[in-house]
Amino acid sequence: MADKILQKLSGVQKNVLLKDYTTYKIGGPAEYFFIAKTKEDLILTLKSAKDLKLPVFILGGGSNLLISDKGFKGLVIKINISRISLSGNKAFVGAGVDLTKLAYLSADRGLSGLEWATGIPGTVGGAIYGSAQAFGIKIADSVKSVEAINLKTLKLKSFTKKQCQFSLKNSIFKKNNTLRGTRNLVIVSAVLEFQNKDNNL
Ligand SMILES: Cc1cc2nc3c(=O)[nH]c(=O)nc-3n(C[C@H](O)[C@H](O)[C@H](O)COP(=O)(O)OP(=O)(O)OC[C@H]3O[C@@H](n4cnc5c(N)ncnc54)[C@H](O)[C@@H]3O)c2cc1C
């Protein structure tokens, strides 16, 4: 089985130390490790993992995780989908976009809404998953929609803000229960909406 996954997808690595991908620099080896840079890469890898019945764990920026020294037996997928497109007062972003980077970029364009997030480590996907917030302002306040893959069906679905079921430190993505050690929904991208402000003031 080991060779099958390595053969199936170039880019999958073996025995990668997860401490190198977490903020607290702890975590043993991932049996298999893949960095998904595009939606297509991610879907292909998830399909292979499903075919091979490999447990999957999804990693964002690794800033809210304490990973055991034993590591993870299965496939860890780091979401690195980092496309950003700003149009009007909306941002179309990949789940792997750095939250702080997006906060600065949107502020530079005179868009208000993510000021609270400057300095919070992690990705947009991780922030949506855990309903990140600071100073009484939440990622949910800016979310218009979220696109996620269902790990059981491998189908993509767009969730409206209401369907995301945001509450304190929670969302439908976190609530959705485990399938072979991982969550059922993998966040791929999101549309965020900001307020136009004059950045020359
Ligand atoms: C110094 C410091 C300060 C912080 N301050 C704050 C704060 O003010 N407010 C706050 O809310 N949090 C804060 N945090 C916590 C952390 O930064 C946030 O929870 C952050 O949003 C986690 O994002 P991440 O990408 O690092 O997720 P990770 O740590 O990589 O993952 C966290 C969980 O999200 C899941 N996940 C990640 N990406 C996806 C995806 N694309 N699809 C599905 N599931 C996914 C993972 O499986 C995991 O279960 C802080 C952390 C640190 C270290």
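Only a predicted model underlies this, so the values are computations on that prediction, with no experimental measurement involved.

K.L.:
Would you explain the site of the ligand in this entry?
P.N.:
Around the ligand sit 28 residues in total, of which Ile-58, Ser-63, Asn-64, Thr-123 and Gln-133 are the nearest. Taking Gly-62, its main chain carries an N or O atom lying 2.8 Å from an oxygen atom of the ligand. Protein contacts shield 83% of the accessible area of the ligand, which totals 970 Å² for the unbound molecule. At the level of secondary structure, the elements contributing two or more residues to the shell around the ligand comprise β3 (56–59), α4 (124–129), β8 (133–134) and β12 (185–193). By residue class, the composition of the shell around the ligand is 16 nonpolar, eleven polar and one charged. Split by domain, the residues of the shell around the ligand number at least three in each of domain 1 (2–79) and domain 2 (84–196).

K.L.:
How should helix α2 (residues 39–51) be read in this particular structure?
P.N.:
Given 3.6 residues per helical turn, the α-helix brings residues three or four places apart onto the same face. In a regular helix each residue adds 1.5 Å, so 13 residues correspond to 18 Å; α2 covers 18 Å between its end C-alpha atoms and thus fits that length. Among the residues of α2, Leu-42, Thr-45, Leu-46, Ser-48 and Ala-49 are the ones counted as buried. The arc that holds every buried residue of α2, seen down its axis, measures 160 degrees, which confines them to one face. Where α2 ends, the next residue or the one after it, Lys-53, has phi of about 55 degrees, a positive value.

The rules behind each value
Residues numbered from 1 in each chain as written. Predicted model: local features only at pLDDT ≥ 70, side-chain atom pairs only at ≥ 80, totals over all residues. Heavy atoms only, no water. Near = heavy atom within 4 Å. Polar contact = N/O pair within 3.5 Å; in protein donor to acceptor, adjacent residues only side chain to side chain. Areas by Shrake-Rupley, 256 points an atom, 1.4 Å probe, with all protein chains shown as cover. Helix = DSSP H or I, 4+ residues; strand = E, 2+ residues; numbered from the N terminus. Nonpolar A, V, L, I, M, F, W, Y, C, P; charged D, E, K, R; others polar. Domains from an automatic or database assignment. Expected span 1.5 Å × (residues − 1). Buried < 20%, exposed > 50% of the residue type's maximum accessible area, 1.4 Å probe, protein only. Arc of directions from axis to C-beta.

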